[in-house]
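Structural overview for review
Residue strings, one per chain:
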Amino acid sequence: MNSHPKFCIISKGKMDFVYQKKKIPLTEIVMLEAEANYTYLHLLNGKKILISRTMKLFDKLLEDYSFTRVHRSFIVNDSHLKSYDADKECMMLSNNIEATISRRKKRTLKYTADFKKILWQN
């Protein structure tokens, strides 16, 4: 059993950060970006929120929602995918945010229906 209380609970489509008293709708999160032992949440309104938790925790927390880890430093919200830039090997998301795709993830994503439609149309 986990002896640490949860830092974040997802309920009714919102991330509720228990200690920070913040509730962020999942639909407003464009991307999560790792920065050492911190994670930036990139929001649809252009704001960045710094959370003092690792990407690994968010990866586990968001596995049942429409978020995909595309690189060790990036988790993207599938609903905010716009296009794929083959030259830069990155995804273009809402608000012109870019997320690099790792080589290993690129091979895997290439065969999933959701990404195929958006990323490989060009």
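These notes cover the structure that comes with them. (Residues numbered from 1 in each chain as written. Predicted model: local features only at pLDDT ≥ 70, side-chain atom pairs only at ≥ 80, totals over all residues. Heavy atoms only, no water.)

Our next topic: a nonpolar patch on the surface. A grouping of Ile9, Val18 and Tyr19 is seen on the molecular surface, where their side chains present a nonpolar patch of about 280 Å² in accessible area. On the secondary structure map, Ile9 appears in strand β1 (residues 8–11). (Patch = residues over 30% accessible without salt bridge, like charges linked within 9 Å, V, L, I, M, F, W, Y side chains within 5 Å. Areas by Shrake-Rupley, 256 points an atom, 1.4 Å probe, with all protein chains shown as cover. Salt bridge = Lys/Arg side-chain N within 4 Å of Asp/Glu carboxyl O. Helix = DSSP H or I, 4+ residues; strand = E, 2+ residues; numbered from the N terminus.)

Moving on to unusual backbone geometry. Its identity is not glycine, yet Lys12 carries a phi of approximately 55 degrees, on the positive side. As for its placement among the helices and strands, Lys12 is situated in the loop between β1 and β2 (14–17). The exposure class of Lys12 is exposed, given its relative accessible area of 81%. Of note, Asn96 is a non-glycine position whose phi angle comes to about 55 degrees, a positive value. On the basis of relative accessible area, Asn96 is assigned to the exposed category, the value being 67%. (Buried < 20%, exposed > 50% of the residue type's maximum accessible area, 1.4 Å probe, protein only.)

Side chains of nonpolar character tend, in soluble globular proteins, to be buried together. Residues Met15, Phe17, Ile29, Leu32, Leu41 and Phe58 are the most contacted members of the largest nonpolar core, which totals 20 residues. Of all the secondary structure elements, the ones that give two or more residues to this core are β1, β2, β4 (29–35), β5 (38–43), β6 (48–51) and α1 (55–61). In contact with Leu32, not counting residues within four places along its chain, are Thr39, Tyr40, Leu41, Met55, Phe58, Leu62, Phe67, Ser73, Phe74 and Ile75. Residues Met31, Val70, Tyr84 and Ile97 belong to the second largest nonpolar core, which totals 13 residues. (Core = buried A, V, L, I, M, F, W, Y, C linked by side-chain atoms within 4.5 Å. Contact = heavy atoms within 4.5 Å.)

For a regular strand, the rule is simple: side chains alternate between the two faces of the sheet. Strand direction decides the pairing type here: β2 and strand β3 (residues 22–25), joined by 4 bridges, are antiparallel. Following the sheet pairing, Lys14 is matched in β3 by Pro25. Between β2 and β3, which pair antiparallel one after the other, the connecting turn spans 4 residues, and Lys21 there sits at a positive phi close to 55 degrees. (Pairing = 2+ DSSP bridges.)

Let us now look at the pattern of salt bridges. Enumeration over the complete set of coordinates arrives at 4 salt bridges. Arg69 is the partner of Asp59 in a salt bridge, and the nearest nitrogen-oxygen pair spans 3.4 Å. Residue Asp59 is found in helix α1, and its partner Arg69 is found in strand β7 (residues 67–71); the two are separated by 10 residues along the sequence. Of the charged contacts in the structure, one is a salt bridge between Glu63 and Lys60, with a shortest N-O distance of 3.5 Å.

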